[in-house]
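The lines below spell out each chain.
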There are 2 protein chains.
Amino acid sequence: MSGTTDDRLPPDGAVRPRGERPVTMWDVARRANVSQSTVSFVLNESTSVRIAPATRERVLAAVRELGYRRNAMAAGLRSGTSAVIGFVTDAIATTPFAGQVILGAQDAAWDKRHLLLVVNTESAPEVERQAVAMLLEHRVRAIVYSTWYHRPVTLPAGIDEVPVMLVNCFVPDADLPAVVSDERQGGRCATEVLIERGHRRIGFLTDAETAAPATTERLEGYRDALGDAGLPFEPDLVHVVTPDQEGGYAGALALLAGAERPTALFCYNDRVAMGAYAAIGERGLSVPGDVAVMGFDDQEVIAAHLRPPLSTIALPHYEMGHRGISRLLDLLDGGAAGSGVERLPCPYIERASV
Amino acid sequence: MSGTTDDRLPPDGAVRPRGERPVTMWDVARRANVSQSTVSFVLNESTSVRIAPATRERVLAAVRELGYRRNAMAAGLRSGTSAVIGFVTDAIATTPFAGQVILGAQDAAWDKRHLLLVVNTESAPEVERQAVAMLLEHRVRAIVYSTWYHRPVTLPAGIDEVPVMLVNCFVPDADLPAVVSDERQGGRCATEVLIERGHRRIGFLTDAETAAPATTERLEGYRDALGDAGLPFEPDLVHVVTPDQEGGYAGALALLAGAERPTALFCYNDRVAMGAYAAIGERGLSVPGDVAVMGFDDQEVIAAHLRPPLSTIALPHYEMGHRGISRLLDLLDGGAAGSGVERLPCPYIERASV
DNA sequence: TTGAAAGCGGTACCAC
DNA sequence: GTGGTACCGCTTTCAA
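Here's what I pulled together on the structure shown here. (Residues numbered from 1 in each chain as written. Chains lettered and ligands numbered in written order. Predicted model: local features only at pLDDT ≥ 70, side-chain atom pairs only at ≥ 80, totals over all residues. Heavy atoms only, no water.)

### As for the packing of helix H7 (residues 183-196) of chain A against helix H8 (residues 213-228) of chain A
Residues and elements named next belong to chain A.
Here is step 1: Running from amino to carboxyl end, H7 crosses H8 at an angle of 40°, the nearest separation of the two axes being 6 Å. Compared by their axis directions, H7 and H8 come out oblique. Seen from above, H7 lies across H8 with right-handed handedness. Note on element contacts: H8 touches H7 through Pro213, Ala214, Glu217, Arg218, Glu220, Gly221, Tyr222, Asp224, Ala225, Leu226 and Asp228, opposite Glu183, Arg184, Gly187, Arg188, Thr191, Glu192 and Ile195.
Here is step 2: Per-class residue counts for the contact of H7 with H8 are six nonpolar, three polar and nine charged. (Axes fitted to C-alpha atoms, helices over the stretch in contact; angles between N-to-C directions. Helix = DSSP H or I, 4+ residues; strand = E, 2+ residues; numbered from the N terminus. Parallel < 35°, antiparallel > 145°, perpendicular 65-115°, else oblique. Left-handed = near helix turned anticlockwise from the far one by under 90°. Contact = heavy atoms within 4.5 Å. Nonpolar A, V, L, I, M, F, W, Y, C, P; charged D, E, K, R; others polar.)

Below is the structure:
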């Protein structure tokens, strides 16, 4: 061995602060008796360069011995990108669902070795603005903007300085890439199941008229299914309620009091269904014998534990999060997964109420 | 104005790639007619340097006009730290609670202008190892390790290369900083409330004997309260059940069948309480008239919607997440918030079942 | 009060 | 195949 090894010092041969200096590629290089760039090539499994197996092994050994860890900030600074994606959401924990979206996003990111920088904003515009600014400062590759229920949104300024993916929301009159749930298909599916079971008079306990897709599109789906089956749409069977148990209770009571009572109730969500159960029980009727009940949302804690367990339509939260990130990563890696709103199906969850 | 402005080029006067080059401090400096370092001083509100108000204004104006954004990677590289904290959890969405912990952490981080790099591991050791490695590569200032239910854990290798805070978990026989729920106080509190209501025979539907704090400590709390009130601990009143509705149903039925039936039931969790409700109803008894019921966990979807609404003990999930991060940040900022397990109280949530 | 300059730890091009 | 080196954008002395 020649003594040249000792000359392999960083360009700045200057005195470094003593004490525990973090291990750098230079340290690894010195130990492996190669140049710092060789270490870089080895660690990045660079294909543009052929490294002798022996050299490679020496480098990897040195990495292990020294406990070297790459500095992602340095790498990012130089290369201009970062393997980090920003995740802006209006609610991490308002419902169990919010977590599912992050989970899906997390899994998809992990598959491609990406990390998520998560910010919760509670829809506060100023917080959103600052959150986006911070994410941008950290040079995230892209940002996912996600909401806890399907709705139109206005994006915070600056967010479009990087690729953006909307999850569970959309910007009206803009054709931004988004992943949402297919409420219409969900509404249709729920109704079709009831029709298949032989029901002809299907009540629909719906939410107050709002511009929310969950309201308008589920109703459309209901009408679609009715139409497809050659069944008439009867306004009397559609009852607007507050979207909770009290609403479901009152609404079901009203519908059940009619001259020709419906044999099935399609409920706007599981809480409404829970209320409907109460009303049905109170009338001395049974589920599903006298009245079939279909929920929406698949709130596990409610749906699976009602008696009988509630058949319902699930929202694809996990899938939306997963798909949002994976579309984004495809797009970043050159693919043209492009823009456009992608609607993910709402699957039917069979239990015992229809 | 002299023509010197045009000479203010980055040290590397070399040709830069054309096209949309991101705005740097140099661009701002040139525009404001100051040096790059002055821009840095202004933006960091450096106290070691006095900047003339006029200069300051010019710099800020240039920043606005150019839409400049700090590059956190460059800053981090140079300064050696990062305003980012790693958050490793075994479950983002297994229960609604997991989200509460992240939310608390997020809020605390946000208050101090920190970002959270979140990784979900599902407790898979290999994933945990890699997650920690990635976080360390990103030079997070610290890592929070969090679990969805209170339990002992083994930390992934390497995690202690930065300050660590355990949330909702602990490492046996190690005095690491941790924030957990005070199960014993919770158990005692639940029992005390029942005692205050005049109950003397209080049944306890508990989980199978495990080393979990939730099991052992809630029972201790129950005994504590009994002891404090001079009430005897009667083993017959303690019934081990599976911690779900079925268990609660069976357990309550058994306890209610005894010669001297208890007038109150303290349930291991809300699901058990839900099952107990069913059993009580089936025996023709009422809550709380004939039998008072106390839950644990405060699963909102269950507790608030049972009839009557369930009085229960809440776990301080949000608080644990919040406290975990804030202790960590105090510690990083020089404070000696130090090590030690911190137990956060489980508050009593009064509804209508006791 | 402001500017010059030395790096922070990698990446990647270029030469040998 | 390997090494030399310029440079990513910012922080922070040190001089002026």
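### A few points about the relation of the copies chain B and chain A
Here is step 1: Overlaying chain B on chain A yields an RMSD of 0.1 Å, the required transformation being a rotation through 180° with an accompanying axial translation of 0.0 Å. Taken together, the rotation and translation relating the two chain copies correspond to the operation of a two-fold axis.
Here is step 2: Of the residues that chain B buries at the interface, 100% are likewise interface residues in chain A, meaning the two copies contact each other through the same surface. (Least-squares fit on C-alpha atoms with pLDDT ≥ 70 in both.)

### Some words on the protein's contact with DNA strand C
Here is step 1: Taken together, 34 residues lie near DNA strand C, and A:Gln36, B:Ser35, B:Arg50, B:Thr55 and B:Arg78 sit nearest.
Here is step 2: What you see for DNA strand C is that sugar and phosphate hold 64% of its atoms within 4 Å of the protein.
Here is step 3: At 3.3 Å from a phosphate oxygen of DNA strand C is found a main-chain nitrogen or oxygen belonging to A:Asn71.
Here is step 4: B:Ser35 places a polar main-chain atom, nitrogen or oxygen, 2.7 Å from a phosphate oxygen of DNA strand C.
Here is step 5: When contributions to the surface near DNA strand C are tallied by element, the ones reaching two or more residues are helix H2 (36-43) and helix H4 (72-79) of chain A together with helix H2 (36-43) and helix H4 (72-79) of chain B. (Near = heavy atom within 4 Å. Polar contact = N/O pair within 3.5 Å; in protein donor to acceptor, adjacent residues only side chain to side chain.)

### Remarks on the interface of chain B and chain A
Here is step 1: With 49 residues of chain B in contact, the opposing surface of chain A contributes 50 residues.
Here is step 2: For the pair chain B and chain A, the summed buried area comes to about 4900 Å², and 63% of that belongs to carbon and sulfur atoms.
Here is step 3: The tally of links between chain B and chain A comes to four salt bridges.
Here is step 4: Between A:Arg69 and B:Glu161 there is a salt bridge, and its shortest N-O distance comes to 2.8 Å. (Buried area = accessible area lost by both parts, 1.4 Å probe. Salt bridge = Lys/Arg side-chain N within 4 Å of Asp/Glu carboxyl O.)

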